[in-house]
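Chains, contacts and geometry: an overview
Residue-level listing of the chains:
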Amino acid sequence: KQEVTQIPAALSVPEGENLVLNCSFTDSAIYNLQWFRQDPGKGLTSLLLIQSSQREQTSGRLNASLDKSSGRSTLYIAASQPGDSATYLCAVRLITQGGSEKLVFGKGTKLTVNP
Amino acid sequence: DGGITQSPKYLFRKEGQNVTLSCEQNLNHDAMYWYRQDPGQGLRLIYYSQIVNDFQKGDIAEGYSVSREKKESFPLTVTSAQKNPTAFYLCASRRDRGGTEAFFGQGTRLTVV
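Residues numbered from 1 in each chain as written. Chains lettered and ligands numbered in written order. Predicted model: local features only at pLDDT ≥ 70, side-chain atom pairs only at ≥ 80, totals over all residues. Heavy atoms only, no water.

1. With respect to the sheet that holds strand β3 (residues 19-25) of chain A
Residue and element names in this part refer to chain A. Cut-off, in case you're wondering: Paired strands, as defined in this entry, are two strands with at least two bridges between them according to DSSP. A run of DSSP states H or I qualifies as a helix once it reaches four residues; a run of E qualifies as a strand once it reaches two. Both are numbered from the N-terminal end. Throughout, an axis means a line fitted to C-alpha atoms (over the contacting stretch in the case of helices), and angles, computed between N-to-C directions, take values from 0 to 180 degrees.
Spatial strand order, β1-β3-β8-β7-β6: five strands in an open sheet with antiparallel pairing. Edge positions in the sheet fall to β1 (4-7) and β6 (56-59), since each of these pairs with one other strand and no more. Neighbour to neighbour, the strand axes of the sheet diverge by 15° on average, direction disregarded. Where β1 lies against β3, four bridges are found, and the strand directions are antiparallel. In the strand pairing of β3, Ile 7 is matched with Asn 22.

2. Focus: the sheet that holds strand β1 (residues 4-7) of chain B
Residue and element names in this part refer to chain B. Here four strands make up an open sheet; going across it, the order is β1-β3-β8-β7 and the pairing antiparallel. Looking at strand neighbours, the two that pair on one side only are β1 and β7 (64-66), the edges of this open sheet. When the angles between neighbouring strand axes are averaged without regard to direction, this sheet yields 20°. Both β1 and strand β3 (residues 19-25) contribute to a ladder of four bridges, which runs antiparallel. When the bridges of β3 are listed, Ile 4 appears paired with Gln 25.

Set out below in structure tokens:
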């Protein structure tokens, strides 16, 4: 059974710091990995999608890497801002033997960026 | 604007009642999903549909039902058989089965009173 773990569960940093959020998964047979942002009481906003054949994706101050063989992904946030405060979720997409497919989520890292 | 619309934002249910949560998308996506989010837990898949008139159970389908009569709509009914329905419910969609990005609605918070 695929399990996704995110460490740390919570992180508090001063504004301007560069930071790394970690995501690990137990089964390397993934189709892709997606990072999301969730603000309190809101839905999920997609940040980056990395296909299983890719090593990294970049969008603005965000960079996500994927090492499928070791079951790890990192989300790097450069020059953090108070507006980056949110919960960050990673999810892996699986295609099961029966042909069904689903996203398996980690529990998230709650990030607070202090002014 | 293109996107996924969930309604209502807040919903209160009495014990023993069925309630239906709405999810509509105008992205022309084939696949749609329902997830449940509880504090301290990751999102868990309730039901999903890859094509009109077809849907599959996810990991926690008991006490829930869905329909997919139109491509743009995927309503979720929380039945009285669901013993602990208080949660945040999220609907998502993707263009097709494969490596495309999933997009989420803004969620419905259901509370049993």
